[in-house]
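Observations on the model geometry
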Amino acid sequence: MWNFKRTLWIIGGSLSLIMGLIGIIVPLLPTTPLVLLAGFCYGKSSPRLYNWLMTNPYFGHYIADYKSGKGVPLRIKVFAVTVVWTSVLFTLTMIPLLLVKVFMVGIAIFVTLFIFTSPLLKVKHKSSEIMG
């Protein structure tokens with residue numbers, strides 16, 4: 001049975017996935033955090049959509065790397081935090097309500113802590129062997 005909460009999770013996951021897809025093309029949108037968010041939303045709402053996302057050849061590896069503890073690359077983390085704080089600082093200049101400003105800063109701090117405490121994807125370096 002469809003309920004309102006489940007529908008909102010599916011809409012949130014779908015919007016996040018669409019923005020993640022756009023992020024592959026547009027360098028201003030971070031793909032990895034948006035795909036992770038889509039996976040979270042689908043996991044809360046639809047096992048079918050979650051399984052589709054996990055087995056998707058384009059997006060599945062983002063979630064698989066994160067779930068297996070491989071994490072997210074540092075450049076993606078830095079970029080995601082930069083986008084969060086840029087948008088929050090812009091919003092702070094536009095919104096006159098103090099309570100909203102405090103709420104926005106609180107969310108930005110929480111997101112920043114979450115991003116930087118999540119696992120970091122280790123880049124594999126090919127070791128060169130000297131043949132003698």
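Every value quoted in this text rests on a predicted model; they were computed, and no experiment measured them. (Residues numbered from 1 in each chain as written. Predicted model: local features only at pLDDT ≥ 70, side-chain atom pairs only at ≥ 80, totals over all residues. Heavy atoms only, no water.)

A closer look at the overall build of the protein chain
For the record, the criterion: Helix and strand assignments follow DSSP, with helices taken as H or I runs no shorter than four residues and strands as E runs no shorter than two, numbered in order from the N terminus. Per-residue and other accessible areas follow the Shrake-Rupley method at a 1.4 Å probe size, with only the shown protein chains counted as cover for residues.
Helix and strand content of the protein chain: 6 helices and 0 strands. Across the protein chain, helices and strands are ordered from the amino to the carboxyl terminus as α-α-α-α-α-α. Split by element, the accessible area of the protein chain, about 9600 Å² in all, is 74% carbon and sulfur.

Observations concerning the layout of surface pockets
To be explicit about the condition: With a 1 Å grid spanning the protein atoms alone, the term cavity applies to any set of points in which a 1.4 Å probe fits but cannot get out, the term pocket to an open set with protein on both sides within 12 Å along at least five of seven lines, and the term lining residue to any residue with an atom within 4 Å of a point. Grid points are joined across faces, edges and corners, and a volume is the space filled by probe spheres set on the points. Charged residues are taken to be Asp, Glu, Lys and Arg, nonpolar residues to be Ala, Val, Leu, Ile, Met, Phe, Trp, Tyr, Cys and Pro, and polar residues to be all remaining types, Gly included.
Size it by volume and the largest pocket reaches roughly 670 Å³. Taken together, 23 residues line the largest pocket, and the ones lying closest to its centre are Pro 33, Leu 34, Leu 36, Leu 37 and Phe 114. Per-element accounting of the lining of the largest pocket gives the leading share, 6 residues, to helix α2 (residues 31-45). Residue composition of the lining of the largest pocket, grouped by class: 19 nonpolar, 2 polar and 2 charged.

What about a nonpolar patch on the surface?
In plain terms, the rule: Every patch collects residues that have over 30% relative accessible area and no salt bridge, joining them within 9 Å if they carry like charges and within 5 Å if they are nonpolar side chains (Val, Leu, Ile, Met, Phe, Trp, Tyr). Salt bridges are counted wherever a side-chain nitrogen of Lys or Arg sits within 4 Å of a carboxyl oxygen of Asp or Glu. Relative accessibility decides the category of a residue: with a 1.4 Å probe and only protein chains considered, values under 20% of the type maximum give buried, values over 50% give exposed, and everything between is partly exposed.
On the surface, Phe 4, Leu 8, Ile 11, Leu 15, Ile 18 and Ile 22 cluster together into a nonpolar patch covering about 600 Å² of accessible area. Along the chain, the position of Leu 15 falls in helix α1 (residues 4-25). Given the relative accessible area of 49%, Leu 15 is considered partly exposed.

Describing the packing of α1 against α2
Packed helices, taken two at a time, are described by the angle between their axes plus the distance between the axes. Where we set the bar: Note on method: axes are straight lines fitted to C-alpha atoms, helices fitted across the in-contact stretch only, with angles between N-to-C directions ranging 0 to 180 degrees. For this classification, under 35 degrees means roughly parallel, over 145 means roughly antiparallel, 65 to 115 means roughly perpendicular, and everything else is oblique. In this scheme the handedness of a crossing depends on how the near helix is turned from the far one: anticlockwise by less than a right angle means left-handed, clockwise means right-handed. Should any heavy atoms of two residues lie within 4.5 Å, those residues are considered in contact.
Relative orientation of the contacting elements α1 and α2 amounts to 160°, with a least axis distance of 8 Å. Of the possible angle classes, the one that applies to α1 and α2 is roughly antiparallel. Of the two possible hands of crossing, α1 and α2 adopt the one that is left-handed. Facing α1, whose interface residues are Arg 6, Trp 9, Ile 10, Gly 12, Gly 13, Ser 14, Ser 16, Leu 17, Met 19, Gly 20, Gly 23 and Ile 24, α2 presents Thr 31, Leu 34, Val 35, Leu 37, Ala 38, Phe 40, Cys 41, Tyr 42, Lys 44 and Ser 45. Considering only residue class, the contact of α1 with α2 consists of 12 nonpolar, 8 polar and 2 charged.

Comments concerning helix α3 (residues 47-55)
As a reminder, the rule being used: Relevant arc is that of directions from the helix axis to the C-beta atoms, nothing else.
Every buried residue of α3 is accounted for by Leu 49, Tyr 50 and Leu 53. Buried residues of α3, viewed axially, fall in a sector of 100°; they line one side. Facing away from the buried surface of α3 by more than 90 degrees, the exposed residues are Pro 47, Arg 48 and Thr 55. Where α3 is buried, its residues meet α1, α2 and α4 (60-67).

Focus: the nonpolar core
Just so we agree on the cut-off: For this analysis, a nonpolar core means a set of buried residues of the types Ala, Val, Leu, Ile, Met, Phe, Trp, Tyr and Cys, connected via side-chain atoms within 4.5 Å.
In this structure, Leu 17, Val 35, Tyr 42, Leu 53, Phe 59 and Ile 63 are the most contacted members of the largest nonpolar core, which totals 14 residues. A per-element tally of this core places α2 first, with 4 residues.

Quick notes on the side chain of Ser 46
Residue position: Ser 46 is located in the loop between α2 and α3. You can call Ser 46 buried: its relative accessible area is 4%. Those residues in contact with Ser 46 that sit more than four places away from it in its chain are Arg 6 and Ile 10.

Here we look at the confidence of the model for the protein chain
The cut-off we apply is this: One confidence number per residue, pLDDT, is output by the predictor and ranges from 0 to 100.
A residue-level look at the protein chain finds 86% of positions with pLDDT of 70 or above and a mean pLDDT of 80. Summarising per-element confidence for the protein chain, the mean pLDDT is lowest in α4 (78) and highest in α3 (92). This model gives residues 125-132 a pLDDT under 50, and the stretch forms 0 contacts once residues within four places in sequence are excluded.

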